[in-house]
Amino acid sequence: MSDEQISALQPGAELKPGPQSTIAAPTDQTQTPRIPEELSILPVRGFVVFPDIQRAASLKLLDDTLPRTKVIGLLTQRDETKEDPTPQDLYTIGTAVLVLKLLRQAEDKVLVIAQGLRRFSLRKIVATSPFLRAEVDLPQSVSPPASKEWKATFRNLRDSAADSAARLFELAPDAPEQASLMVFNIDNAEQLADFLAPNLNVDVPQKHAILEELDVEKRVRAVQKQISAQLEIAEIQQRLQKDVASQFTDAQRRAYLRSQIKAIQRELGEAEGGSEEQAQQLRKRLEEAKPPEAVMKQAERELKRLDFIPSASPEFSVIVSYVEIVADLPWNKLSKDNLDLDQAQQILDRDHYDLEKVKKRLIEYLAVRKLNPQGHGAIMCFLGPPGVGKTSLGQSIADALGRKFVRISLGGMRDEAEIRGHRRTYIGSMPGRIIQELRRAGTCNPVFMLDEIDKIGADFRGDPASALLEVLDPRQNNTFVDRYLDVPFDLSQVIFIGTANYIDGVPEPLRDRIEVISLPGYTEREKLEIAKRYLVKRQLEENGLKPEQIEWQEDALRRIINDYTHEAGVRELERQIASVCRGIASQVARGKTEHVTVTPEIVREMLGPAKYVRETKLKTSKPGVVTGLAYTPQGGEVLHIEATRYPGKGNITLTGHIGEVMKESVQAALSLLRSRDGQLGVNAEDFRKLDIHVHVPAGAVPKDGPSAGIAMFTALASLFSNRPVRPDVAMTGEITLRGLVLPIGGLKEKSLAAMRAGITTVIIPKLNEKDLVDVPEEAKQKFQFIPVENVDEVLAVALEKNGAPSASKPKSA
């Protein structure tokens, strides 16, 4: 039978529903119903608490028999696997039971609650269809004579069963909770053996052997033997469990419980989504990335921690993010360098006009990389005003080398964690910008541009410039440690290039680690060529115009350069060209014209009145007015320094938004002038009776620096000697109280400013004569440079010759 798992039920036992068993204490023999000689036979398999009747023959048996009699016979199958057993498949000794209750359940199942009455033996099969019926005999048990030995055997069985009932019946899932009390209350040896036998943890043939045994003494001894064996096994298991439990740590217990929880969740369809699969995928990605051994060990430690952390924990996602970043970093991925110097030269010439000195230095850098690929080259920094092409030069270098180009802007950066990263102890921590950009680039040797390196800030969160010291040191950056990664990363293959507008904004320790390459401002001719070759073509394409629809005259471009831009670079120039192109594009789109030639008049019509009026040379000469030269991040500028005097008490007034250094230059010039009053023909009493006012026009623009020293001295000397300064002369240089002229910076930019202003003579310090090689040839052709060593030579050149000169005129450079 498929599911009516009834074992060899012992006579005198009763099947009742209960949480652990269906066997109750034996009933009184006087109440036992009469057992007929012919019984309906119900084949059963194994042992189940509640007999579950489902086969058609079994249901037919119950329906036909129970209305006439409540007594049926149970015979156990020899082979439990057979669905329709024959008489030969059944044991010949069985148990007659009294059906107490029959419960019909869903799916045509029937639950039978029965009480065991007594043994019977199979005499003759009467019928096999629709169910088995047989004639039976009721064999009598053979009880031993009363003796002390028999009593001792019985009591030994009862006491051992009662004392050890808790452990014994733990092995029998059908044992009742009151088993120990029941055992103690049974006084009949046969009943006690028949009560204990069904609860033994032995197979069905062994139980059936006890059922077939009619000798009560042998039956009792057989039960005693099985109980003793089971108690011994129980004690051994208990000892083993204690030994294992003593070695079972808390961590192992938690791991075991977690594995059980995961198994339960998988069975319920509530698995958390495969953290194990995720760990395997991360491990595979790590192996593909091939990081150094130390990094691999660190990542493996983090992966092992995932096995002990619930996926809902915040730390789980932190570890996963960390391992993903480690796996994504290009530990061994290199871009193959293209070290063809001729091709690199062509790319640089294609993208940039002029800048021969810069291009020469870049080709030298590539040549060194070609001859020594493992060498550590210098860290270059492009220094120049905005719009001269510093950033685009970095892109051209990357194109020439065949490497990826990465750029980050450092302007306004104040947190050093932006460079070194955040520690993983903080929520939302992440690597620094260096590691992030390398991860995006996908190679460990890109061209890495650090833009606006002179505009790094510093506050209570740290100094990013100090964090860059390690990054930009070729001898240290091969073991750069980002705080988030906490493992070394090799930056020695990266080509770092910095950009800056003003070298004074770069901290001194950082300046010591970089090689500064200056990109000065462009001349008018250079701007014109850049506009013709690059800017006009780019704006035609961006505004949807074709070359045959628009033609630019050079005079129109010059008009934009001179009247609508005021810069060292070409960024504003491109914006103004774009504005003109947009105006023409609107006319072409409306069908008003098909071809336009851009003339200066059209430029004025499109852009309006001129935006900038440049400082030019002085129209007339007047005592106390001098033309000076200044350098700004936007390029060179012309400064007209004015000095006047009036009755007073010898005070000096300085105006024009000048800085402290320039104020000190005025004081030094005045002191030098007073020390030389006899040589210059100046009345010493004038310094006590007259007040002096020095003004630098364009008062809204801050001005500072020592390079206006000789201009200040010349203005005061001209004022007190009443000798005008030549209007075509400009000058730059720092002075000392001994009258020496010291060198200055930005000579090329100042020279370009003088050329734009129409100056014909420029006085420069003698020590700056070496820098004339950087001055454009165009400027050298338009005006004369006069190197001087002291202020006497300055006055000899600058002052008008309406009186005796103070010194011989120096030779021009």
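Residues take numbers from 1 onward in each chain, read along the sequence in its written order. Owing to the predicted nature of the model, reporting of local features is limited to residues with pLDDT of at least 70; listing and counting of side-chain atom pairs is limited to 80 or more, with chain, interface and lining totals taken over all residues. Side-chain measures here rest on the full set of heavy atoms in the structure, leaving out hydrogens and waters.

## Overview of the pattern of salt bridges
In what follows, salt bridge is the name for a side-chain nitrogen of Lys or Arg lying within 4 Å of a carboxyl oxygen of Asp or Glu. If you walk through the whole model with that rule in mind, you get 44 salt bridges. In this structure, glutamate 293 engages lysine 297 in a salt bridge whose closest nitrogen and oxygen atoms are separated by 3.5 Å. Taken together, the residues span about one helical turn, with glutamate 293 and lysine 297 both in helix α10 (residues 293-306) at a distance of four residues. By sharing partners, the salt bridges in this structure join Glu524, Glu529, Lys532, Arg533, Glu554, Asp555 and Arg558 into a single network. Only runs of H or I of at least four residues qualify as helices and only runs of E of at least two qualify as strands under DSSP, and these elements are numbered from the N terminus.

## Re the layout of surface pockets
By volume, the second largest pocket is sized at about 600 Å³. What lines the second largest pocket is a set of 24 residues, among which Gly387, Gly389, Ser392, Arg538 and Val570 lie closest to the centre. If you list the elements that add at least two residues to the lining of the second largest pocket, you get α14 (390-401), α19 (524-542) and α21 (571-589). Looking at which element gives the most residues to the lining of the second largest pocket, the answer is α14, with five residues. Under the grouping applied here, Gly and all other residues not named as nonpolar or charged are polar, the nonpolar ones being Ala, Val, Leu, Ile, Met, Phe, Trp, Tyr, Cys and Pro and the charged ones Asp, Glu, Lys and Arg. Taken together, the residues that form the lining of the second largest pocket break down as eight nonpolar, eight polar and eight charged. A cavity here means a set of points on a 1 Å grid, drawn over the protein atoms and nothing else, where a 1.4 Å probe fits but cannot get out; a pocket is an open set with protein on both sides within 12 Å along at least five of seven lines, and a residue lines either one if it has an atom within 4 Å of a point. Grid points are joined across faces, edges and corners, and a volume is the space filled by probe spheres set on the points.

## Details of the sheet that holds strand β9 (residues 379-383)
Neighbouring strands of a sheet are bound in pairs by backbone hydrogen bonds; such pairs are parallel or else antiparallel. A pair of strands is treated as paired once DSSP finds two or more bridges between them. Taken together, the five strands give an open sheet; going across it, the order is β10-β11-β14-β9-β15, and neighbouring strands pair in parallel fashion. This sheet does not close on itself; its edge strands, each paired only once, are β10 (405-409) and β15 (514-518). Averaged over all neighbouring strand pairs, the angle between strand axes comes to 25°, with direction disregarded. In terms of strand pairing, β9 meets β15 through five bridges, oriented parallel. In the sheet register, leucine 383 faces β15, and the bridge partner there is serine 518. Each axis is a line fitted through C-alpha atoms, taken for helices only over the stretch in contact, and angles between the N-to-C directions span 0 to 180 degrees.

## Some points on the side chain of lysine 527
With respect to the secondary-structure elements, lysine 527 resides in helix α19. Despite its burial, lysine 527 pairs with no opposite charge; the closest candidate is glutamate 567, at 5.3 Å N-O. Any two residues whose heavy atoms approach within 4.5 Å are treated as being in contact. Discounting residues that sit within four places of it in the chain, lysine 527 has contacts with Tyr522, Ile561, Glu567, Ala568, Gly569, Val570 and Leu573. Each residue gets one of three labels from its accessible area relative to the maximum for its type: buried under 20%, exposed over 50%, partly exposed in between, using a 1.4 Å probe on protein chains only. Charge assignment: positive for Lys and Arg, negative for Asp and Glu; neither His nor the chain ends contribute.

## Concerning the confidence of the model for the protein chain
Of the residues in the protein chain, 87% reach a pLDDT of 70 or more, and the chain-wide mean stands at 81. A residue's pLDDT is the predictor's confidence in that residue, given on a scale from 0 to 100. Contacts from residues 47-54, a stretch scored under 50 in pLDDT, to residues over four places away or in other chains number 43 contacts. In this model, residues 803-808 is a region of pLDDT below 50 whose contacts with residues beyond four sequence positions or in other chains number ten contacts.

## Remarks on the packing of helix α12 (residues 341-351) against helix α13 (residues 356-371)
In a packed pair of helices, the relevant descriptors are the angle between the two axes and the axis-to-axis distance. Packing of α12 against α13 leaves a shortest axis separation of 10 Å and a crossing angle of 150°. Our classification of the angle between α12 and α13 gives roughly antiparallel. Note that α12 runs across α13; the crossing there is right-handed. Between α12 and α13, the residues in contact are Leu341, Ala344, Gln345, Leu348 and Asp349 and Lys359, Leu362, Ile363, Leu366 and Ala367, respectively. Class assignment for the residues of the contact of α12 with α13 results in seven nonpolar, one polar and two charged. When describing relative orientation, an angle under 35 degrees is termed roughly parallel and one over 145 degrees roughly antiparallel, while 65 to 115 degrees is termed roughly perpendicular and anything else oblique. Whether a crossing is left-handed or right-handed is set by the direction in which the near helix is turned from the far one by less than a right angle, anticlockwise for left-handed and clockwise for right-handed.

## Some points on the packing of aromatic side chains
Any pair of Phe, Tyr and Trp rings, taking the six-membered ring for Trp, is counted once the centres come within 6.5 Å. Such a pair is stacked with planes under 30 degrees apart, edge-to-face with planes over 60 apart, and tilted for the rest. This model, assessed by the stated rule, comprises five aromatic pairs. A centroid spacing of 4.9 Å and a plane angle of 55° characterise the contact between tryptophan 331 and phenylalanine 489, whose relative ring orientation is tilted. Within this pair, whereas tryptophan 331 is found in the loop between α11 (314-328) and α12, its partner phenylalanine 489 is found in strand β13 (residues 488-489), the two being separated by 158 residues in sequence. Comparing tryptophan 331 with phenylalanine 489 shows no difference in burial state: the two are buried. Between the aromatic rings of phenylalanine 448 and phenylalanine 496, the centroid separation amounts to 5.4 Å while the plane-to-plane angle is 40°, which identifies the pairing as tilted. Here phenylalanine 448, found in strand β11 (residues 447-451), pairs with phenylalanine 496, found in strand β14 (residues 495-500); they are 48 residues apart in sequence, far enough to count as distant.

## Remarks on empty space enclosed by the protein
This structure, assessed with the given rule, holds six cavities of 30 Å³ or more. Each pocket or cavity is described by its volume, and for the largest cavity that value is around 120 Å³. Taken together, 16 residues make up the lining of the largest cavity; nearest its centre are Tyr365, Gly377, Ile379, Ser492 and Val494. Elements with a minimum of two residues in the lining of the largest cavity: α13, β9 and β14. Of the residues contributing to the lining of the largest cavity, the split by class is nine nonpolar, five polar and two charged.

## Side note on the pairing of β10
Going residue by residue along β10, you find Val406 and Ile408 tucked away on one face and Phe405, Arg407 and Ser409 left uncovered on the opposite face. Alignment of β10 against β11, held across five bridges, turns out to be parallel. Paired with valine 406 across the strands is phenylalanine 448, a residue of β11.

## As for the environment of leucine 472
Checked against the element boundaries, leucine 472 lands in the loop between α17 (464-471) and β12 (480-481). A C-alpha to C-alpha distance of 9.1 Å links leucine 472 and alanine 378, two positions 94 residues apart in sequence. Excluding anything up to four places from it in sequence, leucine 472 contacts Ile379, Leu450, Ile453, Phe496, Leu510, Arg513 and Ile514.

## A word on helix α22 (residues 600-607)
Within the sequence span of α22, burial applies to Pro600, Ile602, Val603 and Leu607. Down the axis of α22, the buried set is contained in an arc of 155°. They therefore lie on one face. Away from the buried face of α22 by more than 90 degrees, exposed residues Glu601 and Glu605 are located. On its buried face, α22 sits against β16 (550-552), α20 (554-563), α21 and β17 (596-598). Looking at the residues trailing α22, positive phi occurs at glycine 608, about 85°. Read the arc as the range of directions from the helix axis to the C-beta atoms.

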